[in-house]
2 protein chains.
Amino acid sequence: MSILTRPVLQINLDNLTENYKKLCEIAAPATAAAVVKDNAYGLGAEMVAEILYQKAGCRNFFVAHAVEGERIAPVVPDAHIYVLQGIGSDSLELFEKYKLIPVIASPEMLQFWKEHAVKGVKPVIQVETGLNRLGFRTEDLAKLSAADLKIFSMVLSHLACGDEKDHFMNRYQLDNFNSVRRQYFPKLPATLSASDGAFLGEDFCCDMVRLGAAVYGINTAPYRPNQMKNIIEVKAPVLQIANLPKGDFVGYSATYRAATNRRIAIVSIGYGDGIPRALSNVGKVFFNVCGKWYEARIIGRVSMDNVICDVTCIDNLQVGDWGYLVFDEYTLDDIARDAGTISYEVLSRLGKNPRFVREIKKSAE
Amino acid sequence: MSILTRPVLQINLDNLTENYKKLCEIAAPATAAAVVKDNAYGLGAEMVAEILYQKAGCRNFFVAHAVEGERIAPVVPDAHIYVLQGIGSDSLELFEKYKLIPVIASPEMLQFWKEHAVKGVKPVIQVETGLNRLGFRTEDLAKLSAADLKIFSMVLSHLACGDEKDHFMNRYQLDNFNSVRRQYFPKLPATLSASDGAFLGEDFCCDMVRLGAAVYGINTAPYRPNQMKNIIEVKAPVLQIANLPKGDFVGYSATYRAATNRRIAIVSIGYGDGIPRALSNVGKVFFNVCGKWYEARIIGRVSMDNVICDVTCIDNLQVGDWGYLVFDEYTLDDIARDAGTISYEVLSRLGKNPRFVREIKKSAE
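Criteria and cut-off values
- Counting restarts for each chain: residues are numbered from 1 in the order of the written sequence.
- To label them, take the chains in the order written and letter them from A, then take the ligands in the order written and number them from 1.
- Local features in this predicted model are restricted to residues whose pLDDT is 70 or higher, and side-chain atom pairs enter the listing and the counts only when it is 80 or higher, whereas totals over whole chains, interfaces and linings include all residues.
- Water and hydrogen atoms play no part in the side-chain values, which are based on all heavy atoms of the structure.
- We superpose the copies by least squares over the C-alpha atoms of residues that have a pLDDT of at least 70 in both of them.
- Pairing of aromatic side chains requires ring centres within 6.5 Å, counting the rings of Phe and Tyr and the six-membered ring of Trp. Pairs whose planes differ by under 30 degrees are stacked, by over 60 edge-to-face, and all others tilted.
- A ring has a charge above it when a Lys NZ or an Arg CZ is no more than 6 Å from the ring centre and no more than 35 degrees off the ring normal.
- The criterion for strand pairing is that DSSP finds at least two bridges linking the strands in question.
- Starting at the N terminus, helices and strands are each numbered in turn, a helix being any DSSP run of H or I of at least four residues and a strand any DSSP run of E of at least two.
- Any two residues whose heavy atoms approach within 4.5 Å at even a single point are treated as in contact.
- When two parts are brought into contact, each loses some accessible area as probed by a 1.4 Å sphere; the total of that loss over both is the buried area.
- Here a salt bridge means any side-chain nitrogen of Lys or Arg lying within 4 Å of a carboxyl oxygen belonging to Asp or Glu.
- The definitions used throughout rest on a 1 Å grid laid over the protein atoms alone, on which a cavity is an enclosed set of points accommodating a 1.4 Å probe that cannot get out and a pocket is an open set flanked by protein within 12 Å on both sides along at least five of seven lines; lining residues are those having an atom within 4 Å of a point.
- Grid points are joined across faces, edges and corners, and a volume is the space filled by probe spheres set on the points.
- Gly is put with the polar residues, along with every residue not named as nonpolar or charged; the nonpolar set is Ala, Val, Leu, Ile, Met, Phe, Trp, Tyr, Cys and Pro, and the charged set is Asp, Glu, Lys and Arg.
- Note on geometry: axes are C-alpha line fits, over the in-contact stretch for helices, and angles between N-to-C directions span 0 to 180 degrees.
- Throughout, the term roughly parallel applies to angles under 35 degrees, roughly antiparallel to angles over 145, roughly perpendicular to angles from 65 to 115, and oblique to all others.
- Each residue's exposure class comes from its accessible area (1.4 Å probe, protein chains only) as a fraction of the maximum for that residue type: buried when under 20%, exposed when over 50%, partly exposed otherwise.
- When the strands point away from the viewer and the path from the first strand over the helix to the second turns clockwise, the crossover is right-handed.

(A) Structural context of the relation of the copies chain B and chain A. Superposition record for chain B on chain A: RMSD 0.0 Å, screw rotation 180°, translation along axis 0.0 Å. Accordingly, the operation relating the two chain copies is best matched by a two-fold axis. In terms of proximity to the rotation axis, the leading residue of chain B is B:Lys352, whose C-alpha is 3.0 Å off the axis.

(B) Main features of the packing of aromatic side chains. All names here are of chain A. Evaluated as defined, the whole model comprises 22 aromatic pairs over all chains. Aromatic side chains Tyr184 and Phe185 sit 6.2 Å apart centroid to centroid with 50° between the ring planes, which places their arrangement in the tilted category. Positioned above the aromatic ring of Phe62 is the side chain of Arg210, whose terminal nitrogen or guanidinium carbon lies 5.9 Å from the ring centre. Its guanidinium or amino end placed over the ring of Trp322, Lys235 lies 4.5 Å from that ring's centre, counting from NZ or CZ.

(C) Structural view of the sheet that holds strand 3 (residues 60–63) of chain A. Spatial ordering of the open sheet is given by 8-7-6-5-4-3-2-9 (chain A), a layout of 8 strands whose pairing is parallel. The strands lining the two open edges of the sheet, one partner per strand, are strand 8 (190–191) and strand 9 (208–211) of chain A.

(D) Focus on the interface of chain B and chain A. Counting residues at the interface gives 81 residues for chain B and 81 residues for chain A. Buried surface at the junction of chain B and chain A, summed over both partners, amounts to about 6,600 Å²; 52% is from carbon and sulfur atoms. A per-residue breakdown of the area chain B buries against chain A is headed by B:Ile3, B:Asn132 and B:Arg133, which together make up 10% of the total. For the pair chain B and chain A, the interface holds 6 salt bridges. For the salt bridge of A:Asp305 with B:Lys37, the shortest nitrogen-to-oxygen distance reads 2.7 Å.

(E) Molecular detail of empty space enclosed by the protein. For the structure shown, the criterion picks out 2 cavities of 30 Å³ or more. Its volume calculated, the largest cavity comes out at about 90 Å³. The wall of the largest cavity is formed by 13 residues, among which A:Ser348, A:Arg349, A:Lys352, B:Arg349 and B:Lys352 lie closest to the centre. Approximately 30 Å³ is the volume attributed to the second largest cavity. In terms of lining, the second largest cavity is formed by A:Gln126, A:Val127, A:Glu128, A:Thr129, A:Leu131, A:Leu134, A:Ser157 and A:His158. Per-class residue counts for the lining of the second largest cavity are 3 nonpolar, 4 polar and 1 charged.

(F) Representation of the packing of helix 12 (residues 332–339) of chain B against helix 13 (residues 343–350) of chain B in the model. Residues and elements named next belong to chain B. Close contact between helix 12 and helix 13 brings their axes to 8 Å; oriented N to C, the two are set at 105°. The angle between helix 12 and helix 13 falls in the class roughly perpendicular. Of the residues in helix 13, those in contact with Leu332, Asp333, Ile335 and Ala336 of helix 12 are Ser343, Val346, Leu347 and Leu350. Broken down by class, the residue content of the contact of helix 12 with helix 13 amounts to 6 nonpolar, 1 polar and 1 charged.

(G) The environment of B:Arg257, seen in detail. Residues and elements named next belong to chain B. Position of Arg257 among the secondary structure elements: in strand 12 (residues 256–257). In this structure Arg257 comes out as exposed when scored by relative accessible area, which is 52%. Each C-alpha atom, one on Arg257 and one on Gly300, is 8.3 Å from the other, the two residues being 43 residues apart in sequence. Apart from residues no more than four positions distant in its own chain, Arg257 is found in contact with Gly247, Asp248 and Phe249.

(H) How the structure looks around the pairing of strand 5 (residues 101–104) of chain B. All names here are of chain B. The alternating pattern of strand 5 places Ile101 and Val103 and Pro102 and Ile104 on opposite faces, both of which are buried. As defined by bridge partners, strand 4 (residues 80–83) adjoins strand 5 across 2 bridges and the pair is classed as parallel. Counterpart to Tyr82 in the pairing with strand 5 is Ile101. For the segment spanning strand 4, helix 5 (residues 92–98) and strand 5, crossover handedness is right-handed. Sheet topology places strand 5 next to strand 6 (residues 124–126); 2 bridges connect them, and they run parallel. Paired with Ile104 across the strands is Ile125, a residue of strand 6.

(I) Layout of the sheet that holds strand 3 (residues 60–63) of chain B. Residue and element names in this part refer to chain B. Strand order across the open sheet formed by 8 strands is 8-7-6-5-4-3-2-9, with parallel pairing between neighbours. Pairing within the sheet leaves two strands with one partner each, and these edge strands are strand 8 (190–191) and strand 9 (208–211). Both strand 3 and strand 4 contribute to a ladder of 4 bridges, which runs parallel. Bridge pairing links Asn60 to His80 in strand 4.

Right under this line is the structure:
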């Protein structure tokens, strides 16, 4: 028996690189870009950007904030780094230092750019086509001067429902995008789609596709089985196994009561590590005992450092055994569905706690 | 008009210290300990531990994992650092190096301790009294030898329903705890309560109270108005203001549709920064325009980097103005309630993204 206390986050960089390459093929002939914003969805932007740069020839990266561009700039020399939230007085210096490329989304930000343009950098313009988030609206575009229109290097928009193949919004947004392109930017390269749009066909891929979620193994085309490989494994050791007598309650606010005698395991991971508290009384922990997989239901509230699960039907489970929260057979998509959210949010949380032992799976050079 | 892109997390260390001191008074004559696990609920364990050590004389700290103890050890010399998840082969070295004090919760971990005891350290024993999480059960205690019982320096348990003043579990757990103390540890100091228990009266405070959530401003006695001061402000700049025409959809999966012409603001913060995605179509953003506070409803899905809110009724709002997600009038307790979770989970997420500009409010020495 081993006594262990720390949860483990394993990241499979081989699968990540393979996912990216597969997506490049799907998106071709469009150019592929990697989205590494939010610290590569929590996994470590430098690590992810570097491997895609070195092993997959990626030369275009999207981040949300200039501070994120600053982190990856040293490991992706001569690559284009696009900053989706754009430029402002709180980030101008970083744009100058690293020649980051802002995505300009409003007339006000364009005005700022004209007053503070960074030499040698041609920004991207974001146009609004139906998501009603960031981007120039029709009335904003109409006010652009001929000189304004020449400032940009690319035109960008973003789909609202790209993960629903037949949603009317997809065609509606594509038509809007093409109409704006024809009218204002007939000669500019264009990018409309993230991972989900890449699966919608060539029309949606335009000149560049921004690959994020699917690179990280998330199924962005959930109307068919996932073509991406899982890149994440989260496991934590069993700290204790105990009898739960009939009638006893479990966890904060006593939200679970044993109707029969049960046996429980306390696993050393909680919402402090990024396991959504919404999994209380709903989520699952998996155990491999003597080569066989078992599924145990989380009972009671998920607490900051622990989850408690019902292991009554698992013989021979021992203190120190691993409980799996995410693995190849229960992926980010599965845990997110059980938590009532999307894989992106779960992934974004998991990578952020320094308590994890981080293990990187990567083939030798 | 200013153009800004980054969200800001402000931490008020004066209020944090004041909360801690007030809690010390409430808990007296029990000794106070500060809970700084999960990186001080995301805020920075070194910073929080150091200020409580220096400004409030705190000499007892609780963390969950030894790696968290390692981080604070240099700033709290000669303090006791207790490790709630206990000790194992993946952390033994840190216990030896920093003389951390493990909380031992199972017979298996006790066995490990007896084989690897750290010289000069007397561990704490955790006993189970009703939470059915970590801790020695009655049957485990019965098996302890007389020598075993002499190993420990303190006996610990944890309340399940301490935030509900009249919940039957509180008295039930206290009675169980006192019974175990009498039978096995009549001479040992004891700690039963976290912040919530501190408000339940002297019986529950025993010899030491472990102060976490309430120090961070969370109301752990929600049956009466909060006596703690808010220590957190989260704000993000408006990136764009736009018209939303009647019939248009907003955000991913088009979950909001404008029934009338609206005006929207896109604010530069999202779930990547720790704003729960559960606030989609539910949460609020607050704006101060010309000295007056306005409340705007989040519409559509919260995305990774942005929230969109309805500002139709806010005159004179401008790009670059601040949208407040957490502030003195809409605290962690409020945002957590709207997100269907607890303040602890929200706080634990907010502190973890390096994209925040972090501002520390602290009076001069």
